Amino acid sequence: MLSLPQEFLHKMAGLLGEDYPAFAASLAGTSCQGLRINTLRVSVGDFLSLSPWDLTPIPWCSTGFYYRESDRPGKHIYHFAGMYYIQEPSAMAVAEYVAPQPGEWVLDLAAAPGGKTTHLAALMGGKGLIVANEVHRGRAQVLAQNVERLGIPNVIVTNEQPQRLAQYFPRQFDRVLVDAPCSGEGMFRKNPAARGEWSPAHAFSCAERQLRILESVPGLLRPGGWFVYSTCTFSPEENEGVVSRFLAEHPDFYVEHVPRGSGVEPGRPDWVAGPEELARTVRFWPHRLAGEGHFIAVLRRREGTEPRRPSSEANRAKDYLDYRSVIENILSRVPQGRPVKVGHQLYLMPADTPELAGLKVIWPGLHVGTFKKDRFEPAHGLSRILRAEDVRRVVDFPCDAPQLARYLRGEALPWDGPDGWYLVAVNGFGLGWAKLVKGVLKNHLPKGLRQTSQY
Ligand code: SAM
């Protein structure tokens, strides 16, 4: 393991004073492990009754739980089924502070791999619009895979520079999250390699980059709305320093008062000679609570004239009829949304999505299926929002069924029943599709998702 940079320790000792020994001792300890239940798929109560592990609640997130390292939930079929997301515990506070409501428009500006996007979606109950943006294309694809795995119906994944999004959504979001690229000091325990990348110059260059990203927010956020800026680092030149510089340039924003749970500390205006309102930001410290550490600021925009949103009401009713006719022999409950055909692919976009032509869209919404020459094939993504009761035909296995392991490896299975599409499920939760033809269930799990190891 790499030791901690001396310059970093010296700086933290200067900042923390008598708290420093506890901080240094916490960095020598082990990291905390957490999973967050995906309530779009399963309620907390139902998951806890299915869970093979003894889980302990995380105080600041009602859907978050600590697990033990030996539990290895990332290897379980329930992870594959999108029933939870493995997430660092203090990172689970961020979406709670964004506090989006069902039906709102929310932008996650630096979203990959998707921990906070998937949390925001769960808090919104799948209702409203989330634009999840990621500047790095490869990471945007991982984000889209996580959105698909967790069965999130109302997310559009874009791969854009933040400034370009404002042309499409001028001051239209109710909430914006900037979970900024940072110097990652809160990752030192979890990922010792991050220690090698530390330098004072890196924290300063991260602060400049963060400020550039924040500069795009006024063009995106509606008056009266708020945005959350968060990092997983401790350095004041990022964090309080960045908020202070942003406020100085944008008098129509202020730091919102937010509740602080037990062990959560206020931000430190004195570290950057900034305005007193910086004390309303919050800091999660690894020596104060069970988490790796986070900084969170909720910045509210003063009220003003709200721009109108475009409406696409007329087209929606017509498209919806077309969509029902191709899917109702497979589904008994048809999901709502705005059907959009891209080539031969059918997607369901969140209901009020505006025109996005010209934007780099990696994931336009829920993938419903593909029009083939004389038939319609349901998409893998669709299977992830479905439960056994949503489909006409299902093959439902308990999680230890040997047939399930065979399905996950991509094998065909013998089965009795009428020919057609079957949802393959674990304990009622859709995993993927199979097509029954003359007593053989043909496997339609995407090749890239097939498992070589046994669960
Ligand atoms: N919110 C994510 C989650 O919860 O899974 C983690 C985001 S991570 C801390 C920061 C992200 O910002 C990275 O995915 C990085 O690629 C992206 N990023 C880097 N430079 C950026 C820029 N100039 N503008 C926007 N995002 C950027």
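Here goes a summary of the coordinates provided. Keep in mind that this is a model prediction, so the values were computed, not measured.

Following Ala112, the chain continues into Pro113 via a peptide bond in cis, with omega recorded as 5°. Position of Pro113 among the secondary structure elements: in the loop between β5 (105–108) and α6 (115–123). In this structure, Ala99 is a non-glycine residue whose phi angle is positive, near 50°. Considering the arrangement of structural elements, one finds Ala99 in the loop between α5 (92–98) and β5. A positive phi angle, close to 50°, is found at Ala273, a residue other than glycine. In this fold, Ala273 is placed in the loop between β11 (265–266) and β12 (282–284).

Glancing now at the pattern of salt bridges. Going through the model one piece at a time under the given rule, you end up with 23 salt bridges. We note a salt bridge from Arg139 to Glu134, for which the minimum N-O separation is 3.9 Å. A relative accessible area of 42% means that Arg139 is categorised as partly exposed. Using a relative accessible area of 6% as the deciding quantity, one classes Glu134 as buried. For Arg406, the salt bridge identified is with Glu411, shortest N-O distance 2.7 Å. Classification of Arg406 by relative accessible area gives partly exposed; the value is 31%. Overlapping salt bridges bring together Lys372, Asp374, Arg375 and Glu377 as one network.

With that out of the way, let us pick up the site of the ligand. Around the ligand there are 17 residues in total, and Gly115, Glu134, His136, Arg139 and Asp179 lie nearest to it. Between the ligand and the protein, one listed contact pairs an oxygen atom with a side-chain N or O atom of Arg139 at 2.8 Å. Here a nitrogen atom of the ligand and a side-chain polar atom of Asp179 are 2.8 Å apart. With the chains in place, 85% of the 600 Å² that the ligand exposes on its own is no longer accessible.

So, about the nonpolar core. For soluble globular proteins, the rule of thumb is that nonpolar side chains tend to be buried together. Ranked by internal contacts, the top residues of the largest apolar core, which has 39 residues, are Trp60, Tyr97, Val157, Val228, Phe284 and Ile296. Element by element, the count of residues in this core is highest for α5, at 6 residues. Discounting chain neighbours no more than four positions away, the residues touching Phe284 are Trp60, Ser90, Ala93, Tyr97, Phe234, Val264, Leu289, Gly293, His294 and Ile296. Counting 37 residues, the second largest nonpolar core, distinct from the first, contains Val131, Ala166, Phe173 and Val340.

Here the largest pocket is characterised by a volume of approximately 1400 Å³. Considering the residues around the largest pocket, the lining is formed by 49 residues, among which Ala112, Pro113, Arg139, Asp179 and Cys232 are closest to the centre. Breaking the lining of the largest pocket down by element, the ones donating at least two residues are β4 (84–86), α6, α8 (162–168) and α10 (200–214). Take the lining of the largest pocket: its biggest share by element is 5 residues, from α10. Broken down by class, the residue content of the lining of the largest pocket amounts to 22 nonpolar, 15 polar and 12 charged. Taken together, 31 residues form the lining of the second largest pocket, with Gly126, Pro153, Pro335, Gln336 and Ile385 sitting closest to its centre.

Let us look at the environment of Gln101. Residue placement: Gln101 occurs in the loop between α5 and β5. As for Gln101 and Gly125, which are separated by 24 residues in sequence, their C-alpha atoms are 8.4 Å apart. Contact partners of Gln101, with chain neighbours within four places excluded, come to Met124 and Lys127. For Gln101, the side chain forms a polar contact with the main-chain oxygen of Ala99, separated by 3.2 Å.

Each value, and the rule that gives it
- Residues numbered from 1 in each chain as written.
- Predicted model: local features only at pLDDT ≥ 70, side-chain atom pairs only at ≥ 80, totals over all residues.
- Heavy atoms only, no water.
- Helix = DSSP H or I, 4+ residues; strand = E, 2+ residues; numbered from the N terminus.
- Salt bridge = Lys/Arg side-chain N within 4 Å of Asp/Glu carboxyl O.
- Buried < 20%, exposed > 50% of the residue type's maximum accessible area, 1.4 Å probe, protein only.
- Near = heavy atom within 4 Å.
- Polar contact = N/O pair within 3.5 Å; in protein donor to acceptor, adjacent residues only side chain to side chain.
- Areas by Shrake-Rupley, 256 points an atom, 1.4 Å probe, with all protein chains shown as cover.
- Core = buried A, V, L, I, M, F, W, Y, C linked by side-chain atoms within 4.5 Å.
- Contact = heavy atoms within 4.5 Å.
- 1 Å grid on protein atoms, 1.4 Å probe; cavity = no way out; pocket = protein on both sides within 12 Å on 5 of 7 lines; lining within 4 Å.
- Points joined across faces, edges and corners; volume = space filled by probe spheres on them.
- Nonpolar A, V, L, I, M, F, W, Y, C, P; charged D, E, K, R; others polar.

Any functional reading would require information beyond the geometric quantities listed.
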